[in-house]
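Spelled out, the chains give:
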Amino acid sequence: MFSVPLNSFVHRVSDKSQVMASAIECGCQLKRVRRSRNWLLVAQEHQLVEFKALLTDEKDGWIAIAIDKVLPKPVVCLASLLAATPSMTVAQLVMESGCSMAEARRAIDEHEGL
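Calculation rules
Residues numbered from 1 in each chain as written. Predicted model: local features only at pLDDT ≥ 70, side-chain atom pairs only at ≥ 80, totals over all residues. Heavy atoms only, no water. Pairing = 2+ DSSP bridges. Helix = DSSP H or I, 4+ residues; strand = E, 2+ residues; numbered from the N terminus. Axes fitted to C-alpha atoms, helices over the stretch in contact; angles between N-to-C directions. Contact = heavy atoms within 4.5 Å. Salt bridge = Lys/Arg side-chain N within 4 Å of Asp/Glu carboxyl O. Buried < 20%, exposed > 50% of the residue type's maximum accessible area, 1.4 Å probe, protein only.

Things to note about the sheet that holds strand β2 (residues 29-32)
So, step 1. The strand order across the open sheet built from 3 strands is β1-β3-β2, with neighbouring strands paired in antiparallel fashion. Lying at the two open borders of the sheet, with one neighbouring strand each, are β1 (2-6) and β2. The sheet shows a mean angle of 25° between the axes of neighbouring strands, taken without regard to direction.
So, step 2. In this structure, β2 lies alongside strand β3 (residues 39-43), joined through 4 bridges in antiparallel fashion. Counterpart to R32 in the pairing with β3 is W39.
So, step 3. Where helix α3 (residues 45-54) meets the sheet, its contacts fall on β1 and β3, and the angle it forms with β3 comes to roughly 120°.

And the structure:
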């Protein structure tokens, strides 16, 4: 279960009832946090991905960003990326894998045998 905090939810969405209906359709729970203006989206990973795909209005893009922050990053094998493209630069490796600069440099050094 993942919990996505949605601060000032009602004020920031284009249509509250439509967003809530989409969340329920995907199996997500959208709950208000006590009496504040903040809300909490609770769901499994596949439900959050499905809900994120339903957010088509650009005013609701901040919800997709909040979901991305909570979901785990995909694990990428740096060695296999370097084996497929040996001339890859550090910046390219960071862009494609999402690793840090230090991790990219270390992987390149290991690949080159240094």
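Having seen the model, we can carry on.
Focus: the pattern of salt bridges
So, step 1. One pass over the structure, following the stated rule, counts 1 salt bridge.
So, step 2. Note that D68 and K52 form a salt bridge whose closest N and O atoms lie 2.5 Å from each other. You can see D68 sitting in helix α4 (residues 61-70) and its partner K52 sitting in helix α3, a full 16 residues away along the chain.
So, step 3. For D68, a relative accessible area of 36% puts it in the partly exposed group.
So, step 4. Classification of K52 as partly exposed rests on a relative accessible area of 26%.

All we've got here are geometric facts, nothing functional implied.
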